[in-house]
Amino acid sequence: MVIAGGTGFLGSCLIDAFKKENWDLHVLTRGASEQKGGVNFVHWNGASISDWARSLEGADAVINLNGKSVDCRYTSKNKALIYSTRLDATHAIGKAIQQCQTPPAVWINASSATIYRHSVVQPMDEYTGEIGSGFSVDVCLKWEAAFNSFKLPSTRKIALRTGIVFGKLGGPLSPLVWLAKLGVGGHQGNGSQYFSWLHAKDFCEIVKFAIENKTMSGAFNATSPTPIPNKQLMKELRAVLRIPFGVPLPKWLLELGAIFIRTETELVLKSRYVIPRKLEEAGYTFQFRTIREALNDLVGRSTQ
Ligand SMILES: NC(=O)c1ccc[n+]([C@@H]2O[C@H](COP(=O)([O-])OP(=O)(O)OC[C@H]3O[C@@H](n4cnc5c(N)ncnc54)[C@H](OP(=O)(O)O)[C@@H]3O)[C@@H](O)[C@H]2O)c1
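Calculation criteria
Residues numbered from 1 in each chain as written. Predicted model: local features only at pLDDT ≥ 70, side-chain atom pairs only at ≥ 80, totals over all residues. Heavy atoms only, no water. Pairing = 2+ DSSP bridges. Helix = DSSP H or I, 4+ residues; strand = E, 2+ residues; numbered from the N terminus. Axes fitted to C-alpha atoms, helices over the stretch in contact; angles between N-to-C directions. Contact = heavy atoms within 4.5 Å. 1 Å grid on protein atoms, 1.4 Å probe; cavity = no way out; pocket = protein on both sides within 12 Å on 5 of 7 lines; lining within 4 Å. Points joined across faces, edges and corners; volume = space filled by probe spheres on them. Near = heavy atom within 4 Å. Polar contact = N/O pair within 3.5 Å; in protein donor to acceptor, adjacent residues only side chain to side chain. Areas by Shrake-Rupley, 256 points an atom, 1.4 Å probe, with all protein chains shown as cover. Buried < 20%, exposed > 50% of the residue type's maximum accessible area, 1.4 Å probe, protein only. Right-handed = clockwise from strand over helix to strand, strands pointing away.

A. Up close: the sheet that holds strand β1 (residues 2-4). Spatially, eight strands are ordered β3-β4-β2-β1-β5-β6-β7-β11 in an open sheet, and the strand pairing comes out mixed. Whereas interior strands pair on both sides, the edge strands pair on one side only; in this sheet they are β3 (34-36) and β11 (218-222). With strand direction ignored, the average angle separating the axes of adjacent strands in the sheet is 25°. Together, β6 (106-112), β7 (156-162) and β11 form the strand contacts of helix α3 (residues 135-148), whose direction differs from that of β6 by roughly 165°.

B. Spotlight on the layout of surface pockets. Roughly 360 Å³ of volume is contained in the second largest pocket. Residue lining of the second largest pocket: 18 residues in total, with Cys13, Ala17, Lys20, Lys201 and Cys204 positioned closest to the centre. Broken down by secondary-structure element, the contributors of at least two residues to the lining of the second largest pocket are α1 (9-19), α5 (200-212) and α10 (291-299). Of the residues forming the lining of the second largest pocket, the biggest block, five residues, is contributed by α5.

C. Representation of the site of the ligand in the model. Contacts to the ligand come from 21 residues, most closely from Thr7, Leu10, Thr29, Arg30 and Arg86. One nitrogen or oxygen atom from the side chain of Thr29 is found 2.6 Å from an oxygen atom belonging to the ligand. Contact between the ligand and Arg30: an oxygen atom at 2.7 Å from a side-chain N or O atom of the residue. Protein chains bury 80% of the 870 Å² of accessible surface belonging to the ligand in isolation. Listed by contribution, the elements that provide at least two residues to the shell around the ligand are α1, α2 (76-98), β6 and β8 (164-166).

D. Representation of the pairing of strand β5 (residues 61-64) in the model. Where burial is concerned, the two faces of β5 agree: the one with Ala61 and Ile63 and the one with Val62 and Asn64 are both buried. Note: β1 against β5, three bridges, orientation parallel. Following the sheet pairing, Ile3 is matched in β5 by Ile63. Sheet topology places β5 next to β6; four bridges connect them, and they run parallel. Bridged to Ile63 within β6 is Ile108. Between the parallel elements β5 and β6, the chain passes through α2 in a crossover that is right-handed.

Here is the structure:
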């Protein structure tokens, strides 16, 4: 398995999960080529083809997670990097696959559940979900367009429109736990915005399912089947952490705070009401269907 951008949060989750199953793992990174912890790290620049392309020869699966984090201020420089690190890597991998004698059996490319419009009423699935507008949506559209531009007869292609992944190795759950512990873990904004989450174990299982299930191709929502409003998420988090109260954070305060911590409020205020219709139709069984189960597993008393 080749994981591009596999040194980050999701890549580390996949490495942990697939190591246990004795996969031969290769990670494409801007860092040095080296063998470490049973993983073969291969240097690339995420944009042009060089020696790294040989790693794809005969691979069972290629997973592309490359991309500058969207957890930053959307300055013109950061926006350009958010686009280029996703689009250039996708193009480079597609071209490398075209040059393979034995192309990879499956190519899974990251995308995001944020491709759908802000919605608090209508759940968005892959058939009837409405695509949104604005910067983050445009990133996803161009990312998927780059991916779809490659017609690869011997390689099955899947775009994972992933929700916000909660895991133990850091990632987006950490700042929410931190806010709750500081006593400011009430709802954010008006709290009605939906939060489409996914447990990291399910993310890894979905990748495994997509590799094994040869009928799967195209775009799939990788989110839990039970998205919840932000108000409920924060209530459940406080309950699991046994924190009796949490001061809510209004939009104006979030906007001020976001400037200081160099992020954007869209990440918590956009209503992502997304459901995994196609994954469930394909027969995927979620390990964590409710937020309470997921939070108990990740930050519950017995896990600390
Ligand atoms: N985490 C989520 O909840 C979530 C949800 C939906 C979609 N996604 C998407 O899934 C992908 C992986 O997410 P993640 O959370 O694992 O991301 P991450 O922790 O930020 O890791 C992404 C990797 O991209 C590489 N990269 C290449 N150019 C970069 C640059 N200029 N700045 C920073 N990193 C750069 C880095 O690898 P090297 O330094 O080794 O080159 C980094 O480890 C991303 O494209 C993200 O948008 C994530």
